[in-house]
Amino acid sequence: MSALLGAGYESSGDEAHVVQPPPAQPKPVNAAPDVSTEVWSSFPKHAAGRPNNVQDASEMQIMLANPTSTALTYNATYDNLSRPSQGPANPFISSTGNVLKRKNVLTGNAEETTMSEATFKTQHRTFQSLGYTKDPSLDGAFVGNQSAIAKYGGKDVIQIRHSREESAMIRAKRQKKGDSSIVDGEGAYLGPWARYTSDDVSYEQAEAAADQELASDEEWVEEGIEPLPAPPKEATAYAEDSSVAETTEFHGASELDYQGRTYMHIPQDLDIDLRKEPGSMQNYVPKKLIHVYKHHTKPITSLRFIPKSSHLLLSSSADSKIALWDAHHDRTLLRTFSGHNKAITDTDFHPTGRTFLSASYDRQMKLWDTETGKCISRFTTGKTPHTLRFHPEGNEFIAGMSDKKIVQFDTRSGELTQEYDHHLGPINTLTFVDEGRRFISTSDDKSLRAWEFGIPVPIKFIADPSMYALVRATPHPSGKYVAFQSADNQIVVYAAGDKFRQNRKKGFRGHNTSGYAIDVAISPDGGIIASGDTGGYVCFWDWKTGKMWHKIQAGGEGTGAVTCVAWHGQESSKVATGGLDGIIRYWD
C-alpha cells in the first residue's frame, strides 16, 4: 500500500482512491537572457553565498534591460520592491496620487504661496520702477537689472524713500505758493505748480526727464503746461521737424514715351480695356504667382491701385518710403517718394488719381503729386494719424487720429475745417458711404459710429458687449454694405443704409488675424471677399454664401503675416498682397 501511495494513491479507511496528478504547467519563456547566471559565473563562490553588491548589480541590469515591460521576468527581492522612487519628481503629478495636475495658468500649474499683498505690491512696483526684484525661491537673490541692483543695493521702492529730513530739504528748495489774489507778476499764485529752485541744474533736468519718461507722447503736450527745460535729446514734446525735405526719384527708363506721355497715361496696347467701368466683368480667385515687387526693406503698410484704370500700384512701408509701380508691361518700379522720417500708416488716392495722401508716425500728413512726385502741402495736428480718406468730391479729406479725434481738412486752403470728437479710443477705420454724404468710423473703443459729413454729432452709435475692435474696413462695390475686419478672427458686415445694422447672415471665418490689423478687400464685381492671415495666407470667400473658396500661401516659410490685400479694378483675377517681409506679390 505504501508503494501505491507513493505512486499517487490515497488511502481512506479500507479503500484506496487514485489521485490524478495536476497538469504540468508550461514554463514561462524568458525573453531576456539570464544575466544573473552570467554575472555569478564570473565571481568566485563563497561559503556565505553570493555577495550582495553583485546581486544588486545583476537585478539592476535586468530592470534596465526593458524599462517599458509590464511583467517581471525574475524574482525581485523585498528590498528592491520597497525602494523609494528614484530620479526627479514629476511636477505635474500630485503628491497624493498619480492624477495629473490641471493647468491653472497658460504655462502650467501655479502653486499658491504665503505672501502678503503689501509685499507682493512692493516687489511688483520695484520691478516696474527699477527693473529688478527679489527672487522668491532663493534668500538674498535678485532677478532683473544687475546694474540697478548694484546701484541701489537691492533696496525696494519703500526702502529708497526719502527720510523726513531729506524730504524737508527738498521742500525748502521749492518756490513759494504765492498770493492767491495776485494773478500775474511777482508774488503771483503758483499753488501746486510751484517749481523747485536750486543751483543743482542737473538734478532739475533729471527730475524733468524722469517725469517726461512717465508721460506718453500724447499726454506730455497739454495746453497751458510748459515742461521744465530738459536736454533736447530726451525731450518727447512734439516739434515739427522741418529738416525732412521731400524728395522723389524716377526709376523707370524714361519719364516720357515716344508721344511725350507720362506713366499717368492709361495704356491701350494691352489685351484688356482699362477704360471700362470697374466691376463690369466677373472676377475669379487667383491661382498662381506671376510677379514679385522688391524695393521696401520693412513691412508693407498699405497697397492701393490707382482709381478706375488700376494701371499703377502705390505701396507704402514701415521704412518711411512710398513706391509707385507699373502694374502692366514689365512691372517695374517707376517712382519713389521720400518725405517722412517714420513708418507710414496709411495712403489714399484722390478720386482722379492725380494726387494721393500719406500719413505717418512722424505726425505729418502730406499731399503728393502722383505724376511729378512733388509734395503739394502738409497737414498736422500734433498727433499721430492712423488712417485717412479722401472725400469722393476730392476737395477735402478726413483723418483718424491717435487722440480719439477725427479731423477734416480742406486740401485747397490747408485749414482744419471740422473735428469729430466722440470716440473713446484711437481711430482705426474711416469709410465714406452714400456718395460721400455720410461716413462710418470705428475705434479701439470697440464701437462703430456713423456721421453726416461736416456735422460733428454721430447719427448712429453701435456698441455691443460681444463686439470686438474693428481694425480694417472696405465698402462693397454696390454701396449697400461695408465689410469690417474684426479682432476676433472674422469679417463682419454692416449695412450702409439708414440703420447701419449688422448683417448677421454674412460672416466670414476660417482665418486668423489676432494681433494684427489685416486688410480686407472685395472684388470689383462684389462676388469675392479676400483677407490676409497671420500665417502668411490669403483667404477668399464667396460673398453670397460665406463659404471659403480658396486659401493660398502668399508668403514664404517664416515670413510672417500678410497684412495688405488689393484687387485690380479691371482684371478678372489679379490681386496684390504684401506683408511683414516687405515683399509685394502679384497673383493671377
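Looking up the chain in an unreviewed UniProt entry gives the name Anaphase-promoting complex subunit 4 WD40 domain-containing protein, with the organism given as Vermiconidia calcicola.

1. Some thoughts on the overall build of the chain
The helix and strand tally for the chain stands at 9 helices and 33 strands. In the chain, which comprises 588 residues, the share counted as buried stands at 38%. Considering only residue pairs separated by 6 or more positions, the chain has 45% of its internal contacts joining residues 24 or more positions apart.

2. Looking at the UniProt feature "repeat: WD" (unreviewed entry) in the chain
If you check UniProt for "repeat: WD" (unreviewed entry), the listed places come out as residues 293–335, 337–378, 420–452 and 562–588 in our numbering. Summarising residues 420–452: 0% helix, 58% strand, and an end-to-end C-alpha distance of 10 Å. For residues 562–588, the helix share is 0%, the strand share is 59%, and the end-to-end C-alpha distance is 17 Å.

3. A short note on the sheet that holds strand E26 (residues 502–509)
If you walk across this open sheet you meet the 4 strands as E23-E24-E25-E26, and the pairing is antiparallel. The open sheet is flanked by strand E23 (470–475) and E26, the only strands paired with a single partner. On average, each strand axis in the sheet is tilted by 25° relative to the strand beside it, whichever way the strands run.

4. Focus on helix H5 (residues 117–130)
An ideal rise of 1.5 Å per residue puts 20 Å on 14 residues; H5 measures up with 19 Å between its terminal C-alpha atoms. Every buried residue of H5 is listed here: Thr122, Gln123, Thr126 and Leu130. When H5 is viewed along its axis, its buried side chains cluster within an angular range of 90° and face the same direction. Of the exposed residues in H5, the ones pointing more than 90 degrees away from its buried face are Glu117, Phe120 and Gln128. In this structure, the buried side of H5 is in contact with strand E3 (132–134) and helix H6 (146–152). In the segment just after H5, glycine 131 is the residue with positive phi, at about 90°.

5. Quick notes on the pattern of salt bridges
According to the stated counting rule, one finds 18 salt bridges in the structure shown. Two residues, glutamate 452 and arginine 438, come together in a salt bridge whose shortest N-O distance is 3.3 Å. Taken together, the residues glutamate 452 in strand E21 (residues 448–452) and arginine 438 in strand E20 (residues 438–443) connect sequence positions 14 residues apart. Under the relative-accessibility criterion, glutamate 452 is labelled partly exposed at 24%. Relative accessible area serves as the criterion here: at 15%, arginine 438 is assigned to the buried category. The salt bridge partner of aspartate 581 is arginine 585, with a shortest N-O separation of 2.9 Å. Linked through salt bridges whose partners overlap, the residues forming this network are Glu246, Lys366 and Arg378.

6. Side note on the pairing of strand E25 (residues 490–495)
Among the 6 residues that make up E25, 5 are buried, leaving the element largely enclosed by the rest of the structure. Across 6 bridges, strand E24 (residues 481–486) lies against E25 in antiparallel orientation. Along E25, the bridge assignment pairs tyrosine 481 with alanine 495. Hairpin connection of E24 to E25: 3 residues between the antiparallel strands, including asparagine 489 at a positive phi of 65°. Summarising the sheet, E25 and E26 pair through 4 bridges and their orientation is antiparallel. By the bridge assignment, isoleucine 491 is partnered in E26 with phenylalanine 508. Where E25 folds back on E26, the antiparallel hairpin that results is connected by 6 residues, among which phenylalanine 500 adopts a positive phi of roughly 55°.

7. Some words on the nonpolar core
Among the nonpolar cores identified, the biggest contains 15 residues, and Tyr263, Leu312, Leu314, Ile322, Leu324, Phe337 and Phe356 are the most heavily contacted of them. Those residues in contact with leucine 314 that lie beyond four places of it in its chain are Ser302, Leu303, Arg304, Ile322, Ala323, Leu324, Phe337, Thr347, Phe349 and Phe356.

8. Describing the packing of aromatic side chains
Evaluation of the coordinates by the stated rule reveals 23 aromatic pairs. Residues phenylalanine 349 and phenylalanine 356 carry aromatic rings whose centres are separated by 6.0 Å and whose planes lie at 70° to one another, so their mutual orientation is edge-to-face. A single burial state applies to phenylalanine 349 and to phenylalanine 356, both of which are buried. Three or more aromatic residues joined by ring pairs form one cluster here, namely Tyr420, Phe432, Phe439, Trp451 and Phe453. Positioned above the aromatic ring of tyrosine 537 is the side chain of lysine 551, whose terminal nitrogen or guanidinium carbon lies 4.9 Å from the ring centre.

9. Observations concerning the environment of isoleucine 583
Counting through the fold element by element, isoleucine 583 comes out in strand E33 (residues 583–587). When the C-alpha atoms of isoleucine 583 and glycine 555 are compared, they prove to be 8.7 Å apart, with 28 residues separating the residues in sequence. The contacts of isoleucine 583, once residues within four sequence positions are left out, are Val292, Tyr293, Lys294, Ile300, Thr577 and Gly578.

10. Examining the sheet that holds strand E29 (residues 537–542)
Spatial ordering of the open sheet is given by E27-E28-E29-E30, a layout of 4 strands whose pairing is antiparallel. Looking at strand neighbours, the two that pair on one side only are strand E27 (520–522) and strand E30 (548–553), the edges of this open sheet. Neighbour-to-neighbour, the strand axes of this sheet turn through a mean angle of 20°, independent of strand direction. Bridge count for E29 against E30 is 5 bridges, and the pairing is antiparallel. Bridged to tyrosine 537 within E30 is glutamine 553.

Rules used throughout
- Residues numbered from 1 in each chain as written.
- Predicted model: local features only at pLDDT ≥ 70, side-chain atom pairs only at ≥ 80, totals over all residues.
- Heavy atoms only, no water.
- Helix = DSSP H or I, 4+ residues; strand = E, 2+ residues; numbered from the N terminus.
- Buried < 20%, exposed > 50% of the residue type's maximum accessible area, 1.4 Å probe, protein only.
- Contact = heavy atoms within 4.5 Å.
- UniProt positions renumbered as here; feature names shortened; annotations may be inferred.
- Pairing = 2+ DSSP bridges.
- Axes fitted to C-alpha atoms, helices over the stretch in contact; angles between N-to-C directions.
- Expected span 1.5 Å × (residues − 1).
- Arc of directions from axis to C-beta.
- Salt bridge = Lys/Arg side-chain N within 4 Å of Asp/Glu carboxyl O.
- Core = buried A, V, L, I, M, F, W, Y, C linked by side-chain atoms within 4.5 Å.
- Phe/Tyr/Trp six-rings, centres within 6.5 Å; stacked < 30°, edge-to-face > 60°.
- Lys NZ or Arg CZ within 6 Å of the ring centre and 35° of its normal.

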